[in-house]
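Chain residues, written in single-letter form:
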Amino acid sequence: MNIKNVMVIGAGQMGSGIAQVCAQAGFNVYLNDLKEEFVQKGMGVIAKNLTRSVEKGRMSEEDKTATVNRLTASTDIEDAKKVDLVIEAAVENMEIKTKIFAQLDEITPEHTILASNTSSLPITEIAAATKRPKQVIGMHFMNPVPVMKLVEIIRGLATTDEVYQVIEDMTKSLNKVPVEVEDFPGFVSNRILMPMINEAIYTLYEGVASKEAIDEVMKLGMNHPMGPLTLADFIGLDTCLYIMETLHEGFGDDKYRPCPLLRKYVKAGWLGKKTGRGFYSYE
């Protein structure tokens, strides 16, 4: 199967990044969201990223123009009738994702592959909302998408080898490194990363050290580019909590129990960088 036309659903940070790398790689891309203002904001982020690439000499003005011309703003999910692949990058919520996939199953051509950028939710369960579970797969990009090389490719229970191969080849064409992962809660990246972040929050909660000290130990001692508490703020504390709850529920093991301090911050609306306050202040 040959993928030419792609729809990305969700024009936020992840969705706009996925749309950008697909358009740069030569695919025609619909960037879709519920409201025009969301789509235009995503398009604006892409334009800013491309301009920066031109200024830094990583891309020519001609390539930038060609990339922009391959992007189409969309607020109508019916545009999915025209695509070979949909990559869903909506909010991390099973009810919302299954609703989107059931809709896409009705709208898209028979050959279209449906992929989810979920960071922790089961692909098999998402696929069950469709009549084409063989063509449903996970494509978990890392943030920020234009920079990070890894894509976790997650097979659902029914995903065929052919569909997996198409998505692996397509991922390589985006200049990314695909890694095959089975369908377990949190996959590989978040199954390892989130408990580490959660343990860092427990270390703060129990008064073992200050937030600055915890981050410094992990940066200087473990050579991490940023400390776990700074990283949690960057990801969003609500997202961290949601993934920890998914792991806790999925494995039924108390080692995945979210730290009470994480719950407290989320309830307070201290969600990290995006709200101006998390473990650190960004105001």
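Residues numbered from 1 in each chain as written. Predicted model: local features only at pLDDT ≥ 70, side-chain atom pairs only at ≥ 80, totals over all residues. Heavy atoms only, no water.

An unreviewed UniProt entry annotates the chain as 3-hydroxybutyryl-CoA dehydrogenase originating from Rossellomorea vietnamensis.

What follows deals with the overall build of the chain. Looking only at helices and strands, the chain features 11 helices and 8 strands. Its C-alpha radius of gyration of 19 Å places the chain within 12% of the 19 Å reference for a compact globule of 283 residues. With respect to the three principal axes, the spread of C-alpha positions in the chain is 55 × 45 × 30 Å. In the chain, which comprises 283 residues, the proportion classed as buried is 48%. Intrachain contacts of the chain at a sequence separation of at least 6 include 68% that bridge at least 24 residues. Of the roughly 13,800 Å² of accessible surface on the chain, 53% is carried by carbon and sulfur atoms. Taken as two groups, the 31 positive and 38 negative side-chain charges of the chain have centres that lie 4 Å from each other. (Helix = DSSP H or I, 4+ residues; strand = E, 2+ residues; numbered from the N terminus. Rg over C-alpha atoms; globule rule 2.2 N^0.38 Å. Buried < 20%, exposed > 50% of the residue type's maximum accessible area, 1.4 Å probe, protein only. Contact = heavy atoms within 4.5 Å. Areas by Shrake-Rupley, 256 points an atom, 1.4 Å probe, with all protein chains shown as cover. Lys, Arg positive; Asp, Glu negative; His and termini not counted. Charge placed at Lys NZ, Arg CZ, Asp CG, Glu CD.)

With that out of the way, let us pick up the sheet that holds strand β1 (residues 5–9). Across the sheet, which stays open at both edges, the 8 strands sit in the order β3-β2-β1-β4-β5-β6-β7-β8 with mixed pairing between neighbours. Lying at the two open borders of the sheet, with one neighbouring strand each, are β3 (71–74) and β8 (177–181). Each adjacent strand pair in this sheet contributes to an overall mean axis angle of 25°, direction not counted. With 5 bridges connecting them, strand β7 (residues 150–155) and β8 associate as parallel partners. (Pairing = 2+ DSSP bridges. Axes fitted to C-alpha atoms, helices over the stretch in contact; angles between N-to-C directions.)

Grouped together as the largest cluster of nonpolar side chains are 35 residues, with contacts concentrated most on Leu-85, Ile-87, Phe-141 and Met-170. Apart from the residues within four sequence positions on either side, Phe-141 is in contact with Met-14, Ile-18, Val-21, Ile-87, Asn-117, Leu-150, Val-151 and Leu-174. Core analysis: the second largest hydrophobic core is formed by 23 residues, Tyr-202, Leu-204, Leu-247 and Leu-261 among them. (Core = buried A, V, L, I, M, F, W, Y, C linked by side-chain atoms within 4.5 Å.)

Here we come to the environment of Gly-227. One can find Gly-227 in the loop between α8 (211–222) and α9 (228–235). We classify Gly-227 as buried; its relative accessible area is 1%. For the pair formed by Gly-227 and Glu-212, sequence separation is 15 residues and the distance between their alpha carbons is 8.5 Å. In this structure, Gly-227 is in contact with Asp-215 and Lys-219, ignoring residues within four places of it in sequence.

This part covers the packing of helix α7 (residues 189–205) against α8. At a minimum axis separation of 9 Å, α7 and α8 run at an interaxial angle of 140°. Between α7 and α8, the crossing angle belongs to the class labelled oblique. Pair α7 / α8 crosses with right-handed handedness. Judged by residue contacts, Met-196, Ala-200, Thr-203 and Leu-204 of α7 engage Lys-211, Ile-214 and Met-218 from α8. For the contact of α7 with α8, the per-class residue count stands at 5 nonpolar, 1 polar and 1 charged. (Parallel < 35°, antiparallel > 145°, perpendicular 65-115°, else oblique. Left-handed = near helix turned anticlockwise from the far one by under 90°. Nonpolar A, V, L, I, M, F, W, Y, C, P; charged D, E, K, R; others polar.)

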